Amino acid sequence: MITWVALVVVVLMLASAVAVLLLRSFVAAVAASSVVGLGLTVLFVLMRAPDVAMTEAAVGAGLSGVILALALRRLGLWHIEAAAEDRDRA
Amino acid sequence: MMSFTFETVVLIGALGLAVIGALGMVISNHLFRMLLALAIAESGANLLIVLTGFRAGGVAPILGAGDPAASMVDPIPQVLVLTAIVIGVGVQALAVALLIKVYQAYGTLDVRELRDRMDADVAAAAGVEADASQDAPAGGRPLSPAPSRGTAGFGRRSPAPADGLRP
């Protein structure tokens, strides 16, 4: 049973890790890397490491996602699809 | 068929994450994507370290909770990973700061454009005309024939297309 849960989570993590490299939008890539961190949290809980899971969820997925998203704004890479279309139309 | 256990699945996931991250750092053309790939490789390494301390049927290593006679999973790799996660975020913040400085200085984060602009900057600082390519270097000096073809054009993929960048 626990093996199947781990299998689903591992497949999700590997898929989003590939998505980080393939997605054109950097906002989506940052979100996908946060998905990798959250999958890691689930695996840590399954491996009886609740303290590591808490830290990974708070710092690895949360804080690092916030840092990267704020950096996207400073780097001029913050383009969400709808906003880009609005700018093109205007 | 090999035994399809929990440890096998997590091992495959950890190695896969490490490989995808390392591959992404090598093949990416954008510095920010390299940073994301670094974070992924780091996640794979953390997962691998925690997996080394895992023991099937073990309980969480918390004193006073549960049966004290039951076997625990090894807490040492978990403590190491706890530190590594926080250090990883610190490394990411430092890398982001460096990326912001690079972006302010050059206006791009694409590796190929950055290489061309840095070459132009170096040539301007040295007071020579920027060489268009390895075959047509600055001042028309022909280069001596390369002794080994493998390293002749190292680090230079194509002739610099950015003529408009020069002052």
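Further up the page is the structure itself.
For clarity, every value in this text was computed on a predicted model and none was experimentally measured.

Please set out the packing of helix 1 (residues 6-27) of chain B against helix 2 (residues 31-52) of chain B residue by residue, giving values where relevant.
Angle between the axes and distance between the axes are the two parameters that describe a pair of packed helices. Residue and element names in this part refer to chain B. Direction vectors running N to C along helix 1 and helix 2 enclose 155 degrees, while the axes themselves pass 7 Å from each other. On the basis of the axis angle, helix 1 is roughly antiparallel to helix 2. In the packing of helix 1 onto helix 2, the handedness of the crossing is left-handed. Of the residues in helix 2, those in contact with Glu-7, Val-10, Leu-11, Ala-14, Leu-15, Leu-17, Ala-18, Gly-21, Ala-22, Gly-24 and Met-25 of helix 1 are Met-34, Ala-37, Leu-38, Ile-40, Ala-41, Ser-43, Gly-44, Leu-47, Leu-48 and Leu-51. Each residue belonging to the contact of helix 1 with helix 2 can be placed in one class, and the counts come to 16 nonpolar, four polar and one charged.

Let's hear about the side chain of A:Ser33: which residues, and what values?
Checked against the element boundaries, A:Ser33 lands in helix 2 (residues 26-46). For A:Ser33, a relative accessible area of 14% gives the class buried. Once residues within four sequence positions are removed from consideration, A:Ser33 is found in contact with A:Val20, A:Leu68 and B:Leu36.

Break down the packing of helix 3 (residues 50-75) of chain A against helix 3 (residues 75-106) of chain B for me, with residues and values.
Between helix 3 of chain A and helix 3 of chain B, the shortest axis-to-axis distance is 10 Å and the interhelical angle comes to 0 degrees. Taken together, the axis directions place helix 3 of chain A and helix 3 of chain B in an arrangement best described as roughly parallel. In terms of residue class, the contact of helix 3 of chain A with helix 3 of chain B is made up of 17 nonpolar, six polar and three charged.

Quick notes on the rules
- Residues numbered from 1 in each chain as written.
- Chains lettered and ligands numbered in written order.
- Predicted model: local features only at pLDDT ≥ 70, side-chain atom pairs only at ≥ 80, totals over all residues.
- Heavy atoms only, no water.
- Axes fitted to C-alpha atoms, helices over the stretch in contact; angles between N-to-C directions.
- Helix = DSSP H or I, 4+ residues; strand = E, 2+ residues; numbered from the N terminus.
- Parallel < 35°, antiparallel > 145°, perpendicular 65-115°, else oblique.
- Left-handed = near helix turned anticlockwise from the far one by under 90°.
- Contact = heavy atoms within 4.5 Å.
- Nonpolar A, V, L, I, M, F, W, Y, C, P; charged D, E, K, R; others polar.
- Buried < 20%, exposed > 50% of the residue type's maximum accessible area, 1.4 Å probe, protein only.

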